[in-house]
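# Fold and contact review
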Amino acid sequence: MSEAVAVAESRDFGRTRRFAKFLRTPSAALLVLTISALFLGIALSAAGWTTGAHWSWAVATIVATVRAVWWVVDAVRGGKVGVDAVAVLALVGTLLVGEYLAGALIATMLATGRALDSAASRRANRDLRALLDRAPRSARRISAAGIETVPIGDVRPGDLLAVGPGETIPVDGEITSPLAVLDESALTGEPLHTRLAEGSRARSGAINAGSAFELRALVTANESTYAGIVRLAKEAGAESAPVVRLADRMAAWFLPLSLGVAGLAWLVTGDPIRAVAVLVVATPCPLLLAVPVAIVSGLSRASRLGVVVRGGGTLERLGHATTLVMDKTGTLTTGHPGDAEVIAAPGHDPGELLRIAASAEQMSPHVIAGAIVREAHKRNLRLSMPAAVDEDHGIGAAATVDGHRITVGALDLPAGAPAWAQAILEQAELDNAAIAWVTIDGSLAGAVLLRDPLRTDAAHTLRRLRSAGLTRMVMLTGDRTAPAEEIGLRLGLDVVRAHQTPADKVAGVREESLHGVTVMVGDGVNDAPALAAADVGVALGARGSTASSEAADIVLTSERIDRLADAMDIARHSRRIALQSATVGMGLSLVAMVFAAFGFLPPAPGALLQEGIDVAVILNSLRAIRGRSRATAAPVPTTTVALLRQFSHEHESLREKLSLLPEAARAISHRSSGALSALLAADTFLVQELLPHEDAEETALYPELAAPLGSGEATTAMSGTHVEMARLARRIHAHRKAAEAAGTIRQSQVDDLVATLYGLHALARLHFAQEEENYFVLALEDEASNA
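Residues numbered from 1 in each chain as written. Predicted model: local features only at pLDDT ≥ 70, side-chain atom pairs only at ≥ 80, totals over all residues. Heavy atoms only, no water.

Another aspect to go through is the overall build of the chain. Along its length, the chain carries 26 helices and 22 strands. Looking at the 787 residues of the chain, the share that counts as buried comes to 52%. Pairs at least 24 residues apart make up 71% of the contacts formed inside the chain by residues separated by at least 6 positions. On the chain, roughly 33700 Å² of surface is accessible, and the fraction owed to carbon and sulfur atoms is 59%. (Helix = DSSP H or I, 4+ residues; strand = E, 2+ residues; numbered from the N terminus. Buried < 20%, exposed > 50% of the residue type's maximum accessible area, 1.4 Å probe, protein only. Contact = heavy atoms within 4.5 Å. Areas by Shrake-Rupley, 256 points an atom, 1.4 Å probe, with all protein chains shown as cover.)

Our focus in this paragraph is the environment of Arg-655. Among the secondary structure elements, Arg-655 is positioned in helix 22 (residues 638-657). The spacing of Arg-655 and Phe-768 is 113 residues in sequence and 8.2 Å in space, taken between C-alpha atoms. Ignoring anything within four residues of it in the chain, the contact list for Arg-655 reads Asp-339, Thr-456, Phe-768 and Glu-772.

With that settled, the discussion passes to the side chain of His-651. Its location among the elements puts His-651 in helix 22. One polar contact links His-651 to Glu-697, side chain to side chain, over a distance of 3.4 Å. In this structure the side chain of His-651 is engaged in a polar contact, spanning 3.0 Å, whose partner is the side chain of Glu-771. Contacts of His-651, omitting those with residues within four sequence positions, involve His-693, Glu-697, Phe-768, Glu-771, Glu-772 and Phe-776. (Polar contact = N/O pair within 3.5 Å; in protein donor to acceptor, adjacent residues only side chain to side chain.)

Turning our eyes to something else, we now look at the packing of helix 24 (residues 675-709) against helix 25 (residues 716-742). Across the interface, helix 24 lies against helix 25 with an axial gap of 10 Å and an inter-helix angle of 155 degrees. Compared by their axis directions, helix 24 and helix 25 come out roughly antiparallel. Like other packed secondary-structure pairs, helix 24 and helix 25 cross with a definite hand, here left-handed. Partitioning the contact of helix 24 with helix 25 into residue classes produces 14 nonpolar, four polar and six charged. (Axes fitted to C-alpha atoms, helices over the stretch in contact; angles between N-to-C directions. Parallel < 35°, antiparallel > 145°, perpendicular 65-115°, else oblique. Left-handed = near helix turned anticlockwise from the far one by under 90°. Nonpolar A, V, L, I, M, F, W, Y, C, P; charged D, E, K, R; others polar.)

Here we take up a nonpolar patch on the surface. Side chains of Val-591, Val-594, Phe-595, Phe-598 and Phe-600 sit close together on the surface and give an oily, nonpolar patch of about 540 Å² of accessible area. Mapped onto the elements of the fold, Phe-598 is located in the loop between helix 20 (563-597) and helix 21 (603-621). Phe-598 sits in the exposed class, given a relative accessible area of 57%. (Patch = residues over 30% accessible without salt bridge, like charges linked within 9 Å, V, L, I, M, F, W, Y side chains within 5 Å. Salt bridge = Lys/Arg side-chain N within 4 Å of Asp/Glu carboxyl O.)

A few words on the pairing of strand 18 (residues 472-476). For strand 18, the buried fraction is high: four of the five residues fall into the buried class. Here strand 11 (residues 323-326) runs beside strand 18; their pairing, made up of four bridges, is parallel. When the bridges of strand 18 are listed, Leu-324 appears paired with Met-473. Of the pairings in the sheet, the one linking strand 18 to strand 19 (residues 495-497) comprises three bridges and is parallel in character. (Pairing = 2+ DSSP bridges.)

Turning our attention to helix 14 (residues 419-431). The end-to-end C-alpha distance of helix 14, which contains 13 residues, comes to 18 Å, matching closely the 18 Å that a straight helix rising 1.5 Å per residue would cover. The secondary structure elements touched by the buried residues of helix 14 are strand 12 (338-344), strand 16 (434-440), strand 17 (443-451) and helix 23 (660-669). Following helix 14 by one or two positions, Asn-432 has its phi on the positive side, about 55 degrees. (Expected span 1.5 Å × (residues − 1).)

This brings us to the packing of aromatic side chains. Using the criterion set out here, one finds one aromatic pair in the structure. Judged by centre distance (6.2 Å) and plane angle (65 degrees), the ring pair of Phe-595 and Phe-600 falls under edge-to-face. Judged by relative accessible area, Phe-600 falls into the exposed class, the value being 59%. (Phe/Tyr/Trp six-rings, centres within 6.5 Å; stacked < 30°, edge-to-face > 60°.)

Looking at the secondary structure, you find Val-59 in helix 3 (residues 50-77). C-alpha separation for the pair Val-59 and Ala-107, spaced 48 residues apart in sequence, amounts to 9.8 Å.

Right, let's get into the side chain of Gln-500. Along the polypeptide, Gln-500 turns up in the loop between strand 19 and helix 17 (502-513). In this structure, Gln-500 is in contact with Leu-476, Thr-477, Gly-478 and Lys-505, ignoring residues within four places of it in sequence.

For helix 24, spanning 35 residues, the distance from its first C-alpha to its last is only 44 Å, which falls clearly below the expected 51 Å at 1.5 Å a residue. For helix 24, the principal kink sits at Leu-686 and spans about 40 degrees. The positive-phi residue at the C-terminal boundary of helix 24 is Gly-710, with phi of around 95 degrees. (Bend = angle between axes of the 7 residues up to and from the residue.)

Attention now moves to empty space enclosed by the protein. Following the criterion strictly, the structure yields two cavities of 30 Å³ or more and no others. What the largest cavity holds in volume is close to 50 Å³. Forming the walls of the largest cavity are Leu-324, Met-326, Thr-331, Leu-332, Arg-455, Asp-457, Ala-458, Thr-461, Leu-462, Leu-465 and Ile-561. Where the lining of the largest cavity is concerned, the elements lending two or more residues are strand 11 and helix 15 (458-467). By residue class, the composition of the lining of the largest cavity is seven nonpolar, two polar and two charged. Put simply, the second largest cavity is a space of about 40 Å³. Counting residues per element, the ones that place at least two in the lining of the second largest cavity are strand 12 and helix 23. Classifying every residue of the lining of the second largest cavity gives five nonpolar, one polar and two charged. (1 Å grid on protein atoms, 1.4 Å probe; cavity = no way out; pocket = protein on both sides within 12 Å on 5 of 7 lines; lining within 4 Å. Points joined across faces, edges and corners; volume = space filled by probe spheres on them.)

Let's shift gears to the nonpolar core. Leu-91, Ile-106, Leu-110 and Val-278 are the most contacted members of the largest nonpolar core, which totals 45 residues. When contributions to this core are tallied by element, the ones reaching two or more residues are helix 2 (26-46), helix 3, helix 4 (84-97), helix 5 (100-133), helix 8 (242-269), helix 9 (272-281), helix 20 and helix 21. Element by element, the count of residues in this core is highest for helix 5, at eight residues. Apart from the residues within four sequence positions on either side, Ile-106 is in contact with Ala-90, Leu-91, Thr-94, Val-280 and Ala-607. Core analysis: the second largest hydrophobic core is formed by 39 residues, Met-326, Leu-556, Ile-561 and Ala-571 among them. (Core = buried A, V, L, I, M, F, W, Y, C linked by side-chain atoms within 4.5 Å.)

Moving on, we come to the environment of Ala-700. Locating Ala-700 in the fold gives a position in helix 24. Under the relative-accessibility criterion, Ala-700 is labelled partly exposed at 32%. On a C-alpha basis, the gap between Ala-700 and Thr-640 in space is 9.4 Å, while along the polypeptide they are 60 residues apart.

By themselves, these are just geometric observations and shouldn't be taken as functional.
Spelled out as structure tokens, the structure:
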């Protein structure tokens, strides 16, 4: 059986199951009864059994009246105006004046409207309910006795869990198996599977899309990512939306107006049938329910994009937002140390320095230690098992590696520190990098610089948010002024404030809120107060803290901040449809009431007309779940999107290894003993990884971009950069061959090699950024337009 056939059969089965559940609801039972009685009466009337027909229609009317009375009582208990009172009066009126067919039609109309509204609400809530239905309730815990199934509440940090194929990860944990393939689409909205290696953190709520794997629980179920999302989804509803309150106010005056028109028609004409006809066309029970259907449809569609909104009021405020306030770390930057650069002291090899530093850090839980170990694994370095490990939190780790005492961490340089160490300090200050100094047997041997790089999609995200209506961009960060201002300059931010404490951030958010509806985006514990103070607080739930998620009005379940722009579009679209449904439906009902009052619309035809109005507005409200297609410059073929994603992922890997070029340049410049091996490592990277990547872009990707970009000339400048990168790489390779032949790097090669290595490093970084801004963004826009 083909995959397409299997998917189609699965969808058919899902529809059949949903229809079967619908038939078991009270709304469906009332609908079946009223339709049956209506058509039975029609059949009896056609056969000449008028009395039997009247009894059949009267039964339908009486049953619907009883049900409608209950709806009125329930509405009044909830503090709302019972517009179904109009329907009760109309039903009773048809019985009193002998309009039994009209009564049966009204009964059928009410039942159909309720059934449609019930079905529409279920459809609108389906994506929100999917979040709740997927919540895991048990876990497979591995113990000495074997695998046992336990309630999810019994799982404790440190427990080893087994996750079978197709099962949902019960709690946040660390992968202990070599590989885990996860489907995170319900959390992030992204269709592609995620491959996590041993040691990676997995989030609860993701589905195991591969073979069984083991997971070490890091937190309890209540503290896990998915639990916070479920709590937020349970609160999602339309009741707090201003547009829903507007619909309630419209209902408050519609009831007395209907009664007044009906009474006036009876008083002037003396014909009670006209009053009944007015009440028949003034029964907008499903009409006003169409407004919350539109709002909840918007909430559901937003959740499908990975934007879980607390309620309709939040969604509507988001649609009016004009100011965006952001934290820096984890919001505009990746939030974790990377982009590592190894600088070795003269006489030491950078690769060996990284190897022994990573070996010593293997047992440390510190985030810097993890980054150093990951960098060593990326470079395929073989680590040694450390002994006599000692860690001083806040300073660093010490361990014995291959017979040498190694320390890695913070270090206060003495006044007479060597020039190369002073240069590292200056470079770290300029790059806003963290320094992990490495000593061997008490002697300073080098350092590892780690940066928190800017997110590759940051510039595109802010442009997209500006296009969605956010006119003011503010960054509040606890970082120093220089790196904060550099990021502000690169991203075109309107305001940058550094050295901000949590209290400062709250004050900043409140100040911005005085001038317009303000959205605050953050991911850390220190952001929670500011998120609570904002008009709309947005937490990055994909890896943010529990505190920030709890304080937020919206949780982004993916890393895609630009999804906020899509949510803003959804908010405006949902409100527009809600108002359209209410005003058009009310207007049509008022026109029908006038016709009925003048005797042009008898009760039975009026009931049919009102049924059509109610059905139309509810179906119109469901348009909010589809949303509008966002126009793009040109359609991007599926094959091209796949290529863009492929090369974007390759960029992530290659960018982390570009530091081999300045490392080699620095080793050569300092005449380090490891200079030749550093040159070999850099050249191998160029020949085996970077140049094949650029060649593949030139031959496979760029021709595919001609149609979306409008011309093959659009990539000409980038093709020129490919040529220049290849020229510089060949120059470096020629120097390598000459150095290998001589057994050392000659003095005559130093200046040209250093300049070429630094130049290629800068050119490659610029080229990567330009491709990501100009080309790879097409894949993101394609996802947004098809969401």
